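Spelled out from the first residue to the last, the chains are:
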Number of protein chains: 2
Amino acid sequence: MACESEKWVLMVTAQTPTNIAVIKYWGKRDESLILPINDSISVTLDPEHLCTTTTVAVSPSFDQDRMWLNGKEISLSGGRYQRCLREIRSRASDVEDEKKGIKITKKDWENLHVHIASYNNFPTAAGLASSAAGFACLVFSLAKLMNVKEDQGKLSAIARQGSGSACRSLYGGFVKWIMGKHDDGSDSIAVQLADEKHWDDLVIVIAVVSSRQKETSSTSGMRESVETSMLIKHRAKEVVPKRIVDMEEAIKNRDFPSFAHLACADSNQFHAVCLDTCPPIFYMNDTIIGCVEKWNRSEESPQVAYTFDAGPNAVLIARNRKVAASLLQRLLFHFPPSSDADLSSYVIGDKSILQDVGVTDLKDIEALPPPPEIKDAQKYKGDVSYFICTKPGKGPVLLSDKNQALLSPETGLPK
Amino acid sequence: MACESEKWVLMVTAQTPTNIAVIKYWGKRDESLILPINDSISVTLDPEHLCTTTTVAVSPSFDQDRMWLNGKEISLSGGRYQRCLREIRSRASDVEDEKKGIKITKKDWENLHVHIASYNNFPTAAGLASSAAGFACLVFSLAKLMNVKEDQGKLSAIARQGSGSACRSLYGGFVKWIMGKHDDGSDSIAVQLADEKHWDDLVIVIAVVSSRQKETSSTSGMRESVETSMLIKHRAKEVVPKRIVDMEEAIKNRDFPSFAHLACADSNQFHAVCLDTCPPIFYMNDTIIGCVEKWNRSEESPQVAYTFDAGPNAVLIARNRKVAASLLQRLLFHFPPSSDADLSSYVIGDKSILQDVGVTDLKDIEALPPPPEIKDAQKYKGDVSYFICTKPGKGPVLLSDKNQALLSPETGLPK
């Protein structure tokens, strides 16, 4: 290691999206390597509205690996962090920064410590797959810092060991996580099916539900399903393989009716497996499903797909912007904000859809007409915390603007 | 046909119980004969609290078949009624009433009409399997009237054609409906596994839920499941056969932990299949499941089994009377009656359990302590309409007391 002084700090900042599965991952065949029992397919969400930003820094002055999440220091001792750090370190290459006069050899990395700062641009613990974006960003930024020469697929296999669905956040657009066959997990990687421009009509509305109910974590939930559900094996072996083929075809052909049918059916089947678990797991909320099903049935072909992960938030995918406006209108009718809310924090993300609905203040929401397809349409005031309007988005990117770094270039500590 | 005058009326009155499946029937392989895709097992409920009473009458003065349900005339033109009437008529034998001087030959029955009056001793349309008790009672009483010599198993195959689960109401105690193999359904019959005295510790509490939500009828629901669920076939072919064997064993050995485990798992799997249906079907209510699961887990072995049919009512089976009192105490804590209720109509059936709980008026309910195993135990006032306390009960019986007949012995019309 050659450098002018021991005071240097070398940093990389990256941004990584979150993703939502439309053919679900539920059940591991290997708990520690995080190898799934079936393939899954996801849509990457626009990082402008939902993403993790991570700065990783290295300096000879750091005496241990440290990490800060949303400004608060957290422990890196967990097996998942350790595994990602070890896998990336073992693939590090020589790094040279001529301007700063820094040279790090492959061997130096073994003795150098890193600082990691990570930040989610969306509320944490809202059940919005923050661990997927988080581990993807950790692996992607460390790989850039340490000049890891593996391709994105290999990196996805490392991110997978942090959080299964993280592997799918290494690409934009439409992504398949191939379950793989090998015991070491080397072929359990993500591949891109199509980028985000391939099908750019789609608009996504996420209803973040105000549920205080204690939920089963997805890690323990899927373990219990694998151990006790009599249906999960049949799903993984007999149902999902065909759905994967059909979903790839639907995405390739931008065939929304097939896409919607498969996404809704697979979300429901995943929750059916949860219910078939002993004790049963209840994640989702059926009110929104009822609204969407009734609307889709009243139209000639499906307008909106719904999908729920291991939590009560609904992810709704509208076939285009016009439909998204009708969807948001229906959602705002059924789920008006509580009286003390303000509109600008009730609908976030791409707020321009709100203009298409013709809603500019809370009184406009009160005046919305009920959906014509529903008799005695009910209102559930306060059941939704807020809506996020977004769309399919791009994969990880490096941020070159130094102002976006989360660590100080002098100290390597959070700004 | 020989008789003193054309004015005679010959009548039979019978009482038949309802039943609750603990291994569920869901899905037909033949819609018109009502042949199921798997065996099922049920517990017959005590007719003292839940039963149908039916009087059937024949007279040469009747010019058509007529039926009254709970005092209101209903049409008999439906295929299910027609099929039961035809099947019983075709098996009619000679009948002679020497005292009245009536003689009906086998052949006469073809030209004689019947009047049927049926009455449920529990609220109709409360999702309490009134059609099971109703068709069982219709078939049983007509068979007695027409001197049908078939055994109870054969009668069950006729009742099955009125409503699938009706076949299980022809016996008391614990009953298995064998799916059968023949295309004509002749071997799709019910058999008694054990009578109600075999396991008389069990106490059953039914929570009738105040749900106004429109439900999918079980006929159309199971048709949609058979057509669209990817899991139902696997359940019927691979899961249920083993569960039937295990449940028979549990009943035989009065093994409550196994009984409870199987009943709860099978109820949840049935609802999982409903959720896997397209569009998904939501029947049950998860609040009560959560309470029971937490309680069972806090004890050394399960105290209470829960099972839900195609509706939101919970059927809870307590291992004995002491447990039933603890159960009712928990249920009354979580689900107090609305303010205008009176206790005598809030807990019906075997009210003596209420004394074991120490509840004699509504204030006692307010003073109930929260269940120790639940943190921040919530109350859901008004969510339950009423509770029925009952137990496993006997099969169909003839009522010889003429006062219990629902038709006038002179006119053959409702009293």
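Within an unreviewed UniProt entry, the label attached to chain A reads Diphosphomevalonate decarboxylase, and the organism entered is Actinidia chinensis var. chinensis. Quoted verbatim from the Catalytic activity (unreviewed entry) field of the UniProt record, the comment on chain A reads "(R)-5-diphosphomevalonate + ATP = isopentenyl diphosphate + ADP + phosphate + CO2". Looking at the Sequence similarities (unreviewed entry) heading of the UniProt record, one finds this comment for chain A: "Belongs to the diphosphomevalonate decarboxylase family."

### Section: unusual backbone geometry
All names here are of chain A. Between cysteine 278 and proline 279 the backbone carries a cis peptide bond, its omega angle lying at -5°. Tracing the backbone shows proline 279 in the loop between α6 (256–275) and α7 (286–298). One non-glycine residue with positive phi stands out, namely asparagine 147, at about 55°. Following the sequence through the fold, asparagine 147 ends up in the loop between α2 (130–145) and α3 (152–159). Using a relative accessible area of 27% as the deciding quantity, one classes asparagine 147 as partly exposed. Residues other than glycine seldom take positive phi values, yet aspartate 376 does so here, at roughly 50°.

### Section: the sheet that holds strand β17 (residues 347–349) of chain A
Residue and element names in this part refer to chain A. Reading across the sheet, the 5 strands line up as β15-β16-β14-β18-β17 and stay open at both edges, with mixed pairing between neighbours. Of all strands in the sheet, those bounded by a partner on one side alone are β15 (304–308) and β17. Looking at each pair of strands side by side, their axes are set apart by 25° on average, direction ignored. The pairing of strand β14 (residues 203–209) with strand β16 (residues 314–318) spans 5 bridges and is classified as antiparallel. Bridged to isoleucine 204 within β16 is isoleucine 317. Along the sheet face, α7 touches β14, β15 and β16 and points at about 160° away from the line of β15.

### What about the nonpolar core?
What tends to happen in soluble globular proteins is that the nonpolar side chains get buried as a cluster. In this structure, Phe259 and Phe387 of chain A together with Phe259 and Phe387 of chain B are the most contacted members of the largest nonpolar core, which totals 142 residues. Leave out the neighbours within four places in its chain, and phenylalanine 259 of chain B touches Val22, Val43, Trp199, Met247, Ala250, Ile251, Ala305 and Ile317 of chain B.

### Observations regarding empty space enclosed by the protein
As enumerated under the stated definition, the model contains 2 cavities of 30 Å³ or more in all. The wall of the largest cavity is formed by Ile288, Cys291, Val292, Trp295, Leu327, Arg330, Leu331 and His334 of chain A. Mapped onto the lining of the largest cavity, the elements with two or more residues apiece are α7 and α8 (321–334) of chain A. Taken together, the residues of the lining of the largest cavity break down into 6 nonpolar, 1 polar and 1 charged. The space that makes up the second largest cavity amounts to roughly 40 Å³. If you trace the second largest cavity, you find it lined by Cys291, Val292, Trp295, Leu327, Arg330, Leu331 and His334 of chain B. Every element with two or more residues in the lining of the second largest cavity is listed here: α7 (286–298) and α8 (321–334) of chain B. Ranked by residue count, the leading element in the lining of the second largest cavity is α8 of chain B, at 4 residues.

### Examining the environment of serine 338 of chain B
All names here are of chain B. One can find serine 338 in the loop between α8 and α9 (343–346). Sequence separation between serine 338 and glycine 382 is 44 residues, and the spatial gap between their C-alpha atoms is 4.7 Å. Residues in contact with serine 338, not counting those within four places in the same chain, are Lys381 and Gly382.

### Some remarks on the pairing of strand β18 (residues 384–390) of chain B
Residues and elements named next belong to chain B. Where burial is concerned, most of β18 is hidden: 6 out of the 7 residues are buried. Here 6 bridges tie strand β14 (residues 203–209) to β18, and the two strands are oriented antiparallel to one another. Counted as the bridge partner of valine 208 is tyrosine 386 from β18. Here 3 bridges tie strand β17 (residues 347–349) to β18, and the two strands are oriented parallel to one another. When the bridges of β18 are listed, valine 347 appears paired with phenylalanine 387.

Criteria and cut-off values
- Residue numbers here run from 1 along each chain, matching the order of that chain's written sequence.
- Think of it this way: whatever chain is written first is A, whatever ligand is written first is 1, and the rest follow in order.
- Note on the predicted model: pLDDT of at least 70 is required for a residue's local features to be given, and 80 or more for side-chain atom pairs to be given and counted; whole-chain, interface and lining totals, by contrast, use all residues.
- For the side-chain quantities, the full set of heavy atoms in the structure was used; hydrogens and water were omitted.
- UniProt positions are given in the numbering used here, feature names are shortened, and annotations may be inferred rather than shown by experiment.
- Think of it this way: any DSSP run of H or I at least four residues long counts as a helix, any run of E at least two long counts as a strand, and we number them from the N terminus.
- Each residue is assigned to one of three classes by its accessible area relative to the maximum for its type, calculated with a 1.4 Å probe on protein chains only: buried under 20%, partly exposed between the two thresholds, exposed over 50%.
- Any two strands with at least two DSSP-identified bridges between them are counted as paired.
- Structural elements are reduced to axes, namely lines fitted to C-alpha atoms, with helices fitted over the stretch in contact, and the angle between N-to-C directions of any two is expressed from 0 to 180 degrees.
- Only heavy atoms matter for contacts: two residues are in contact if any of them lie within 4.5 Å across the pair.
- Throughout, nonpolar core names a set of buried Ala, Val, Leu, Ile, Met, Phe, Trp, Tyr and Cys residues whose side chains join them through atoms within 4.5 Å.
- Here a cavity is any set of points on a 1 Å grid over the protein atoms alone where a 1.4 Å probe fits but cannot get out, and a pocket is any open set with protein on both sides within 12 Å along at least 5 of 7 lines; a residue lines the site when it has an atom within 4 Å of a point.
- Grid points are joined across faces, edges and corners, and a volume is the space filled by probe spheres set on the points.
- Residues were grouped as follows: Ala, Val, Leu, Ile, Met, Phe, Trp, Tyr, Cys and Pro as nonpolar; Asp, Glu, Lys and Arg as charged; and all remaining residues, including Gly, as polar.

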